[in-house]
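The chain contents come next:
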Amino acid sequence: MYDDLNPESGLTRDVQKRPTKDEPARPLIDREVPLGPQAERPLAAPVHAWLDGELPEAAVRKTDASKDVEFWRGLDVEMARVRRLRTPQHVEAQIMAALPTHAPASMITPWYRREFVVTPTAALLVGAALVAAASIVTALIVR
Amino acid sequence: MHYSIVVKTTETPSVVDQDASDQLVIQQVLAGKRDAFRLLITRYSDPLYRHALCMTGSPDVAEDILQLSFIKAYQHLSEVRGRFDAWVFRIVANGCKDWLKNIRRSHLSYEEDDQPSQHATPDEELDRTELRSDLDRALASLPASLREAFIMKHVEGRSYEEMADLLGTTVGALKMRVHRAREALQALLEEKYA
């Protein structure tokens with residue numbers, strides 16, 4: 001008996017098969033996240049600045065990026081539709097029905113974080129108790 | 001001066017007033033007035049629903065995430081520190097990211113999950129244009145962090161500072177994500193729509 005140290009032998013056929021350059025790339029399954037989207041053409045800095053609200057549209061149109069401006073204008077029309085979307089009406093009632101019937105639990109504050117109030121009466125009482133205790137202890141020691 | 005083509009959709013009278021009002025509602029709910037929580041749902045469900053819808057691409061999943069997030073918010077309401085809207089946004093955003101992680105693991109296909117909502121009206125279905133479908137697909141092909149940044153900037157109309165505050169990252173990193181997302185989307189869509 002011997003240990004099989006061949007690195008290829010334990011692999012399945014699927015794993016061993018690596019796509020070559022000539023093979024067409026496998027299309028990404030929807031929802032699959034690519035390893036960083038590869039932008040074919042980086043957007044010009046003025047376009048980003050305009051989209052970030054730092055430049056007026058006219059300034060960007062003066063550059064050769066007016067095609068990009070048109071593209072983002074078109075996309076913004078669609079995004080404006082999304083901005084107008086409202087929560088379906090039944091959702092509020094559904095959430096209220098699903099809430100627990102009891103009030104939410106108040107958070108328990110640990111004793112060392114609780115507010116500590118000292119009134120003059122309480123201070124006098126504590127002081128008197130301390131003096132009395134000290135005198136009793138002293139009397140016991142002296143005896 | 002701000003020249004953005006994105007228009008803010010959820011104009012609030014004042015962030016401070018809104019926050020004070022939220023805190024009052026939270027006190028009422030914690031005191032046992034369960035129905036007061038409805039006000040918080042009404043106030044914030046629309047932007048949260050849109051976020052979940054754009055992140056997941058599915059109306060039904062967006063509804064589920066919204067419902068679970070509000071239930072979680074109710075259960076932990078006493079732990080709110082700071083603005084309620086920012087806190088509940090983080091719950092929804094994390095819910096979306098968790099769903100995306102799980103769906104990637106289970107290899108559920110986009111088509112299977114992207115069935116039109118059974119609650120959508122015929123008008124709503126007609127509104128779903130070809131461009132919208134292509135945009136949804138293009139967004140779905142982006143990594144979650146790029147998609148999230150793009151949606152927050154271009155659909156929700158948030159400033160980079162607000163995004164940085166909500167996501168706990170830097171403005172520079174978010175600008176980079178939004179720029180990469182734009183370039184990727186343009187590469188995917190411009191052949192057909194430019």
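Note that the structure is a prediction, hence the values are computed from the model and not measured.

How each quantity is defined
Per chain, residues are indexed from 1 in the order of the written sequence. Chain letters and ligand numbers both follow the written order, the letters beginning at A and the numbers at 1. Totals for whole chains, interfaces and linings use all residues, but because this is a predicted model, local features are given only for residues with pLDDT of at least 70 and pairs of side-chain atoms are given and counted only at 80 or more. Note on conventions: DSSP H or I runs of at least 4 residues are helices, E runs of at least 2 residues are strands, and numbering of each starts at the N terminus. Buried residues are those with 20 or more other C-beta atoms within 10 Å of their own C-beta, exposed residues have 12 or fewer, and partly exposed residues lie in between; C-beta atoms are placed from the backbone. Lines fitted to C-alpha atoms define the axes, with helix axes restricted to the stretch in contact, and inter-axis angles between N-to-C directions lie between 0 and 180 degrees. When an angle is under 35 degrees it counts as roughly parallel; over 145 it counts as roughly antiparallel; between 65 and 115 it counts as roughly perpendicular; any other value is oblique. Crossing handedness follows the turn of the near helix against the far one: under a right angle anticlockwise gives a left-handed crossing, and clockwise gives a right-handed one. Whether two residues are in contact is decided by their C-beta atoms, placed from the backbone, lying within 7 Å. Polarity classes work like this: nonpolar for Ala, Val, Leu, Ile, Met, Phe, Trp, Tyr, Cys and Pro, charged for Asp, Glu, Lys and Arg, and polar for all others, with Gly in that last group. The score called pLDDT rates the predictor's confidence residue by residue, from a low of 0 to a high of 100. To form a nonpolar core, buried Ala, Val, Leu, Ile, Met, Phe, Trp, Tyr and Cys residues must be joined through C-beta atoms within 7 Å. An expected span of 1.5 Å times one less than the residue number is assigned to each helix.

1. Considering the overall build of chain B
- The secondary structure content of chain B amounts to 10 helices and zero strands.
- Tracing chain B from N to C terminus, the helices and strands come up as α-α-α-α-α-α-α-α-α-α.
- For chain B, buried positions account for 37% of its 194 residues.

2. Re the environment of Ala59(A)
- Topologically, Ala59(A) is positioned in helix α3 (residues 57–62).
- C-alpha of Ala59(A) to C-alpha of Val47(A): the two residues are 12 residues apart in sequence and 9.5 Å apart in space.

3. What about the packing of helix α5 (residues 89–98) of chain A against helix α3 (residues 59–75) of chain B?
- Running from amino to carboxyl end, α5(A) crosses α3(B) at an angle of 40 degrees, the nearest separation of the two axes being 10 Å. Taken together, the axes of α5(A) and α3(B) are oblique relative to one another. Note that α5(A) runs across α3(B); the crossing there is right-handed. Here α5(A) contributes Val91(A), Gln94(A), Ile95(A) and Ala98(A) to the contact with α3(B), which in turn contributes Glu63(B), Leu66(B), Gln67(B), Phe70(B) and Ile71(B).
- Of the residues in the contact of α5(A) with α3(B), the class split is six nonpolar, two polar and one charged.

4. Topic: the confidence of the model for chain A
Residues and elements named next belong to chain A.
- For chain A, per-residue confidence averages 76 on the pLDDT scale, and 64% of positions sit at 70 or higher.
- Contacts of residues 7–19 to residues separated by more than four positions or lying in other chains number three contacts, the stretch itself having pLDDT below 50.
- Considering only residues more than four positions removed or in separate chains, one finds that residues 28–33, a stretch of pLDDT under 50, has 16 contacts.

5. Digging into the confidence of the model for chain B
Residues and elements named next belong to chain B.
- Of the residues in chain B, 79% reach a pLDDT of 70 or more, and the chain-wide mean stands at 83.
- Counting interchain partners and residues more than four positions distant, the pLDDT-below-50 stretch residues 6–12 has nine contacts.
- Across residues 108–119 the pLDDT falls below 50, and counting only partners more than four positions away or on other chains, this stretch makes 19 contacts in the model.
- This prediction of the complex comes with two scores: 0.68 for pTM and 0.77 for ipTM.

6. Some remarks on the nonpolar core
- Ranked by size, the top nonpolar core spans 56 residues in total, and within it Ala52(B), Leu66(B) and Val92(B) carry the most contacts.
- Among the elements that line this core, the one with the most residues is helix α2 (residues 37–56) of chain B, at 10 residues.
- Setting aside residues up to four positions removed in sequence, Leu66(B) forms contacts with Thr87(A), Val91(A), Ser45(B), Leu48(B), Tyr49(B), Ala52(B) and Val92(B).

7. Digging into helix α8 (residues 144–155) of chain B
- Between the first and last C-alpha of α8(B) there are 15 Å, a value that for 12 residues agrees with the 16 Å anticipated at 1.5 Å per step.
- Counting buried residues along α8(B), 10 of its 12 residues qualify, which places the element largely inside the surrounding structure.

8. With respect to the environment of Lys153(B)
Residue and element names in this part refer to chain B.
- Secondary-structure assignment places Lys153 in helix α8.
- Residues Lys153 and Met163, spaced 10 residues apart in sequence, show a C-alpha to C-alpha distance of 8.0 Å.
- Each residue touching Lys153, except ones within four places of it in the same chain, is listed here: Arg158, Met163 and Val178.

9. Some thoughts on the packing of α2(B) against α3(B)
Residue and element names in this part refer to chain B.
- Where α2 meets α3, the closest approach of the two axes is 9 Å, and the angle between their N-to-C directions is 140 degrees. One way to sum up the angle between α2 and α3 is to call them oblique. Classified by chirality, the crossing of α3 by α2 is right-handed. Facing α2, whose interface residues are Phe37, Ile41, Ser45, Leu48, Tyr49, Ala52, Leu53 and Thr56, α3 presents Pro59, Val61, Ala62, Ile65, Leu66, Phe70 and Tyr74.
- In the contact of α2 with α3, the residues fall into 13 nonpolar, two polar and no charged.

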